[in-house]
Amino acid sequence: MTTVERRAFLRRRTTYLVGVPLLLGLGALLLVVVAPYVYIHYIEGPAPAKLAFEPAAAGSRSAAPIRLDGTWRVAPGSQAGYRVAETLFGQGTTAVGRTKAIRGRFVLDGTTVRSGAFTVDLRDVSSDREARDQQFHDRIMNTASFPTATFRLAQPVTLRRLPADLTTVRVPACGRLTLHGKTRRVTVTLAARRNGTHIEVQGSIPVAFADYGIPNPSFGPARTDDRGAIELLLVFAHVG
């Protein structure tokens, strides 16, 4: 091998020894960055939309009078759950879990809600990821020891007027939220409307995990905020 050939060979070998690790590193970087992006945006898909009233169909407003005073109980169609911002390998997403296992009631007297409470069975909460659900039920919420979350009005809520059918009103409600074995006073703005023979209530209660002794939900490559929200959409039927 001539001197010129030897130098060419060494250049090719050096390029190979440098290029292969570089390509492998770039490949690993693309895998870490692109794979989560593809999974979150194209495989897992977007998080469920926030709970909200269904849009009213044209001409669906009811003029028929109904009895409003008395006791209203949680009925089928109710949902509650959590919403937490999550980061997976630098890609932002949202963790959402929900359940329909809810019970509760409120008492309406004229334009005043005298009392009210609802309880969510956390053992029934599920999301679109089995690993997330296992963490939620075991390490995070310890649903074996604390199976429910409860919100109870701390004082009556007075409406300025009783809304017409499918007309939404918003009122501040002061209550006590019991979560993970701890109770704290909270204030939340609730939206309410009459929908035919039902009353619907929608709201979102902010939750700082440390306030309730809840471990930060982060696990593995998934990192979450130190706070989230309890979402609710409750449908009530008149029971007397």
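Before reading further, recall that the structure is shown in the block above.
All of the points below concern the structure found in this document. Since we're looking at a predicted model, the values are computed, not measured.

Conventions used here
- Residue numbers restart at each chain and count upward from 1, following the sequence in its written direction.
- The model is predicted, so local features are restricted to residues of pLDDT at least 70 and side-chain atom pairs to those at 80 or more, both for listing and for counting; the totals for chains, interfaces and linings are taken over all residues.
- By convention in this description, side-chain values take in all heavy atoms of the structure and omit both hydrogens and water.
- A run of DSSP states H or I qualifies as a helix once it reaches four residues; a run of E qualifies as a strand once it reaches two. Both are numbered from the N-terminal end.
- We call a residue buried when its accessible area falls under 20% of the maximum for its residue type, exposed when it is over 50%, and partly exposed in between, using a 1.4 Å probe and counting protein chains only.
- A contact between two residues is defined here by any heavy atoms of the two lying within 4.5 Å.
- Throughout, the Shrake-Rupley method with a 1.4 Å probe supplies accessible areas, and for residues the shown protein chains are the sole cover considered.
- For the purposes of this section, nonpolar cores are sets of buried Ala, Val, Leu, Ile, Met, Phe, Trp, Tyr and Cys residues that join through side-chain atoms within 4.5 Å.

Right, let's talk about the overall build of the protein for a bit. Across its full length, the protein carries 2 helices and 12 strands. Going from the N terminus to the C terminus, the protein shows its helices and strands as α-β-β-β-β-β-α-β-β-β-β-β-β-β. Here the protein holds 240 residues, and the buried ones make up 42% of them. Within the protein, contacts between residues separated by at least 24 positions form 68% of all contacts whose residues are at least 6 apart in sequence. Of the accessible surface of the protein, which amounts to about 13900 Å², a share of 57% is contributed by carbon and sulfur atoms.

Quick look at the nonpolar core now. Soluble, globular proteins show a tendency: their nonpolar side chains are buried together. Among the nonpolar cores identified, the biggest contains 43 residues, and Leu122, Phe151, Leu177, Leu179 and Ile205 are the most heavily contacted of them. Looking at this core element by element, the count peaks at 5 residues for strand β8 (residues 169-179).

Here we take up the environment of Pro156. Within the fold, Pro156 resides in the loop between β6 (148-153) and β7 (157-158). With 40 residues separating them in the primary sequence, Pro156 and Gly116 have C-alpha atoms 8.5 Å apart. In contact with Pro156, not counting residues within four places along its chain, are Thr112, Val113 and Arg114.

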